[in-house]
Amino acid sequence: MKNGKKLMICAVIFSIFGATICSAVNTGLTFGEISVSPLSPAAQSTITISIPINGGTPSEVRVKIEECNGRTGICYPKIQNVSMSLVSVGNYQAKVTLIHTDATYINCTIAAKMNGTWMPSAKWKVVNLSENSNGNGDNGGNKTPGFDVVLIVIAIGISLIMIRRKREK
Amino acid sequence: MTISGIKKKPVLILVFLFFFLTVFAGCTEQKSNTGEDFVFKSLDGEAKHLSDFYGKVIVLDCMAVNCQPCMYQMLELKKISENYSKNDVIILSVDVWVSSGETASMLQDMIDAFKNQINLTLDWTFGLDGLNGTIQKTYASTGVPTLYIFDKKGNIYYSHVGYEPYTDLAVKIDEVIIKN
């Protein structure tokens with residue numbers, strides 16, 4: 001995609017999320033930077049997401065992880081919404097195992113519950129995923145045509161054995 | 001009974017097995033292609049049916065606010081909106097991640113952001129799936145954006161999962177307009 005297009009959309013995305021800044025500030029909550037470890041995780045690996053939250057103690061903090069594939073331009077519907085634990089004063093953390101084999105990036109957004117109201121973090125984190133160690137990514141799992149062909153070959157093989165046995169009788 | 005020395009029954013079993021596996025193998029990847037009607041909620045809260053728009057070519061964009069490719073897709077849909085008469089082609093963008101927490105106000109914020117940030121008016125029909133995610137399950141189970149082009153009778157003419165540039169969509173729209 002052209003750079004101009006990307007910049008335009010970045011402005012829009014920032015504006016969508018930026019609209020939530022004020023509401024979060026009004027509650028007294030201040031969201032820090034979202035950090036993800038490792039910095040460039042692989043698809044289907046387990047990652048640790050952390051965020052400092054100051055200005056209050058939310059009753060619950062959750063992180064939402066969307067997995068997308070930048071090559072095909074698709075975001076997958078299985079969005080993980082995981083509860084974060086308070087690991088030290090003002091610091092929340094969650095471990096999440098990524099689901100999709102062919103995701104190329106993830107988008108993390110965080111929300112905190114304060115006085116019964118959910119306040120989304122104004123910032124979100126996009127993390128590019130590294131290639132899998134086998135360099136292949138998803139080959140479709142059991143959806144590949146190859147899997148079907150194997151079944152057919154096995155069925156034909158069994159049938160031929162049955163035919164041969166009957167003929168021998 | 002034999003056919004050239006081969007018994008008929010095993011051969012029939014073999015043929016049956018072959019066709020059975022050919023037909024049913026890979027069923028997990030198949031998805032609805034019926035063009036079935038659905039109800040969505042417009043931004044003003046009104047319940048609308050896909051069938052309300054039959055009689056025109058419908059471009060259905062199953063999208064989500066928290067989906068970057070969907071934002072890029074808006075630019076391509078805008079070109080369709082500009083280049084085709086609304087008497088011929090209707091665009092419906094339906095947020096199908098309502099069951100994941102997306103709301104009408106988030107969708108409205110997105111439309112406003114396009115208008116305020118890059119002066120782009122998304123001048124077509126927007127709506128939301130229900131909380132049970134019926135549209136998502138039927139039309140966008142793989143992910144978003146998922147695009148469909150329906151002919152004037154409401155049959156699915158074309159579908160594509162993932163971002164699709166205007167040029168590719170326009171080819172399919174032209175085809176379906178001519179076909180009708």
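Check the entry above for the structure.
Rules used in this analysis
- Residues numbered from 1 in each chain as written.
- Chains lettered and ligands numbered in written order.
- Predicted model: local features only at pLDDT ≥ 70, side-chain atom pairs only at ≥ 80, totals over all residues.
- Buried ≥ 20, exposed ≤ 12 C-beta atoms within 10 Å, placed from the backbone.
- Helix = DSSP H or I, 4+ residues; strand = E, 2+ residues; numbered from the N terminus.
- Pairing = 2+ DSSP bridges.
- Axes fitted to C-alpha atoms, helices over the stretch in contact; angles between N-to-C directions.
- Expected span 1.5 Å × (residues − 1).
- Arc of directions from axis to C-beta.
- Contact = placed C-beta atoms within 7 Å.

Caption draft 1: Highlighting the pairing of strand β9 (residues 105–114) of chain A. Residues and elements named next belong to chain A. The buried count for β9 comes to seven of 10 residues, which makes it a mostly enclosed element. The pairing of strand β4 (residues 60–69) with β9 spans nine bridges and is antiparallel. Pairing of E66 across the sheet is with N107, part of β9. Here β9 pairs with strand β10 (residues 117–128) via nine bridges, running antiparallel. Each bridged residue has a counterpart across the sheet, and for M114 the counterpart in β10 is T117. Here β9 hands over to β10 after two residues, with N115 in that stretch at a positive phi of 55°.

Caption draft 2: Structural context of the sheet that holds strand β3 (residues 39–42) of chain B. Residue and element names in this part refer to chain B. The strand order β4-β3-β7-β6-β5-β8-β9 describes an open sheet built from seven strands, whose pairing is mixed. The open sheet has two free edges, formed respectively by β4 (47–49) and β9 (156–161), since each of these has just one partner strand. When strand polarity is set aside, the average angle formed by the axes of neighbouring strands in this sheet is 30°. Across seven bridges, strand β5 (residues 57–63) lies against strand β6 (residues 89–95) in parallel orientation. Paired with C62 across the two strands is V94, which belongs to β6.

Caption draft 3: Looking closely at unusual backbone geometry. Put simply, S37 of chain A and P38 of chain A share a cis peptide bond, and its omega is -5°. Each neighbour pair has its own omega, and for V144 of chain B with P145 of chain B the value is -5°, a cis peptide bond. Within the secondary structure, P145 of chain B sits in the loop between α4 (134–139) and β8 (146–150). In this structure, Q44 of chain A takes a positive phi of about 70° despite not being glycine. Within the fold, Q44 of chain A resides in the loop between β2 (35–37) and β3 (46–54). Residue classification places Q44 of chain A among the partly exposed residues on the basis of 17 C-beta atoms within 10 Å. Non-glycine residue N115 of chain A carries a positive phi angle of around 55°.

Caption draft 4: Helix α5 (residues 166–179) of chain B, seen in detail. Residues and elements named next belong to chain B. For α5, built from 14 residues, the straight-helix expectation of 20 Å at 1.5 Å per residue is met to within 8% by its first-to-last C-alpha distance of 20 Å. For α5, the complete set of buried residues consists of L169, I173 and V176. Summarising the axial view, the buried residues of α5 lie within an arc of 65°, below the 170-degree limit, and thus occupy one face. Projecting away from the buried face of α5 at angles above 90 degrees are the exposed residues T167, V171, D174, I178 and K179. Packed against the buried residues of α5 are β5, α2 (68–83), β6, β8 and β9.

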